[in-house]
Structures are given as structure tokens and as C-alpha cells.
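# Structure at a glance
Listed below, chain by chain, are the residues.
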Amino acid sequence: MILRKVLSENFPMLTEPELIEEIMKVGFIHEVETGEILIDIGETIVNMPMLIEGSIKIIREDEEGNEMFLYYVNAGNTCAASLTSGFGNQKSTIRAIVEERATFLAIPVKYIDPWMAKYASWRAFILNTYNLKFEEVLKVVDLLAFKNMDDRIANYLHEKSELHHSKILKLSHQEIAIDLNTSREVVSRILKQMEKTGLIHIGRGQLELLGQR
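Let me begin by describing the structure that accompanies this report. Along every chain, residues carry numbers that run from 1 in the direction the sequence is written. For a predicted model such as this one, the threshold for reporting local features is a pLDDT of at least 70, and the threshold for listing and counting side-chain atom pairs is 80 or more; totals across whole chains, interfaces and linings nevertheless cover every residue. The side-chain numbers reported here are obtained from all heavy atoms of the structure, hydrogens and water having been left aside.

### A look at the side chain of R95
Residue placement: R95 occurs in strand β5 (residues 95-108). Whenever a nitrogen or oxygen atom comes within 3.5 Å of another N or O atom, the pair is scored as a polar contact, on the condition that within protein one atom can donate a hydrogen and the other can accept it, and that pairs from neighbouring residues in sequence are kept only if both atoms are in side chains. Looking at R95, its side chain comes within polar contact range of the side chain of D40, at 2.6 Å. Among the polar contacts listed, one links the side chain of R95 to the side chain of E61, at a separation of 3.1 Å. A run of DSSP states H or I qualifies as a helix once it reaches four residues; a run of E qualifies as a strand once it reaches two. Both are numbered from the N-terminal end.

### Some details on the sheet that holds strand β6 (residues 168-169)
Here we have three strands laid out as an open sheet, ordered β6-β8-β7, and antiparallel in their pairing. Looking at the sheet topology across the chains shown, the edges are occupied by β6 and β7 (200-203). For this analysis, residues touch if any pair of their heavy atoms sits within 4.5 Å. Axes, fitted as lines to C-alpha atoms, cover a helix only where it is in contact. Angles between the N-to-C directions of the axes lie from 0 to 180 degrees. Helix α8 (residues 184-196) contacts β7 and β8 (206-209) of the sheet and is inclined by roughly 125° relative to β7. A pair of strands counts as paired when DSSP detects no fewer than two bridges linking them.

### Some thoughts on the layout of surface pockets
Cavity and pocket criteria rest on a 1 Å grid covering protein atoms alone: a 1.4 Å probe that fits but cannot get out defines a cavity, protein on both sides within 12 Å along at least 5 of 7 lines defines an open pocket, and an atom within 4 Å of a point defines a lining residue. Grid points are joined across faces, edges and corners, and a volume is the space filled by probe spheres set on the points. Here the largest pocket is characterised by a volume of approximately 480 Å³. The wall of the largest pocket is formed by 26 residues, among which F69, Y72, E136, K139 and E159 lie closest to the centre. Secondary structure elements with two or more residues in the lining of the largest pocket: β3 (47-61), β4 (67-74), α5 (120-146) and α6 (149-164). Among the elements that take part in the lining of the largest pocket, α6 stands out by supplying eight residues, more than any other.

### Section: α8
In this model, α8 (13 residues) spans 18 Å end to end at C-alpha, consistent with the 18 Å of a helix rising 1.5 Å per residue. Taken together, the buried positions of α8 are occupied by V187, S188, I190, L191 and M194. G198 sits one or two positions beyond α8 and adopts a positive phi of about 80°. One less than the residue count of a helix, multiplied by 1.5 Å, gives the span that helix is expected to have. Throughout this description, buried means an accessible area under 20% of the type-specific maximum (1.4 Å probe, protein chains only), exposed means over 50%, and partly exposed covers the range between.

This is how it looks when you write it as C-alpha cells:
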């Protein structure tokens, strides 16, 4: 009954009674603490996480170990990259790190494809996930191709603020630098400029957003 309630409240788009019964048979609730790696690069993905609470940060890594932030997975969604790997039983090409303590419904990836053929609402859910995350990845590409680092940092802080529903962000200059694949010195310089123009206030281990660009 608890799992049925979780599904109805967080994934109302899944409507077929038979699908709900199958999910209840094979799915299980899992909790992961902030900072833990949920999926790592090179791992075989066994379960697809359907997020109930919290948030997950998805990043890519190049051959030299440099990381690049891609997007967040929020409550009511799942990770498109994990779906892609799960379909072909391929190794993960992303790292999923818990941004905020996460509770999710784990679904074995072997059910993703059969359910796509059997249930229209599941198929719509999976395709919608791809569309949403594709748009977010395109946004990252646009920022890399057409925006300078000032704009990228401003966009990053705005997304963080929306994710945490707070104007006060507890993060370091180094964390921003890693996520945006730049140097700490560049981040610090731009943040100081933003503070001078009244956009943010820099505190110890945190930033406060004050205005808009």
C-alpha cells in the first residue's frame, strides 16, 4: 500500500493497473545519503532510479578525468543516461552523485524494454524523460558554445537555487570549478565581480543570490 501511494503521488502519469502491479512486484524503495555515488562511470547499471525525494547530479568525465556537469534528476523523474545504458546492457558513461539525500524506487533495467511495448503510460514516461534531458543537455551545449564563463556561472547558480529552493547556496568555489570544468581562480574572480555588482554575497562556504543579471 505504501508503494502504491508513492507511485500515485510521484508518478501519476503511470496509469495502467497492470503496470502498477508489476512495479509493486519488482520495485523496491532505496535511500542514499548526500554525496554518495549512485552510479559510476564504467559500472553496469542494474536498476533504474525513479526519484521520490531529493536530487541527483549527473556528470560526464573526459579521458583526463575532468568532470562536466550535465543536469539534475529531480523528484518524479529518472535518469535518461541510465536508461540508455540499461537498454543495451552497456557500461555507464555518466556518474550520478546524490546532491540532496535521495529516496528512489529502484526498477531492474531488464523490465524497461518489455514494459515499453506493453504499457502506453510507461512508454510515454520514458520518452518524456529522454525529451526533457535532451533539452537540458542541449542547454549545456549552448552554454559551452555560445556563452562566456560569466554567463555559465550565473546560470549554474540559478539552477542550484531553483533545485534547493533557496537563495543561499552552500558550495565552494572549487565545487563550481569542477562542475563547470574550469579553474578555481577563474571562478573566484567572476564571483568577486558578481559581488561587486550586487548580484551575490560571498560568505564562508556559501553564496547568497541577491539579484538578476
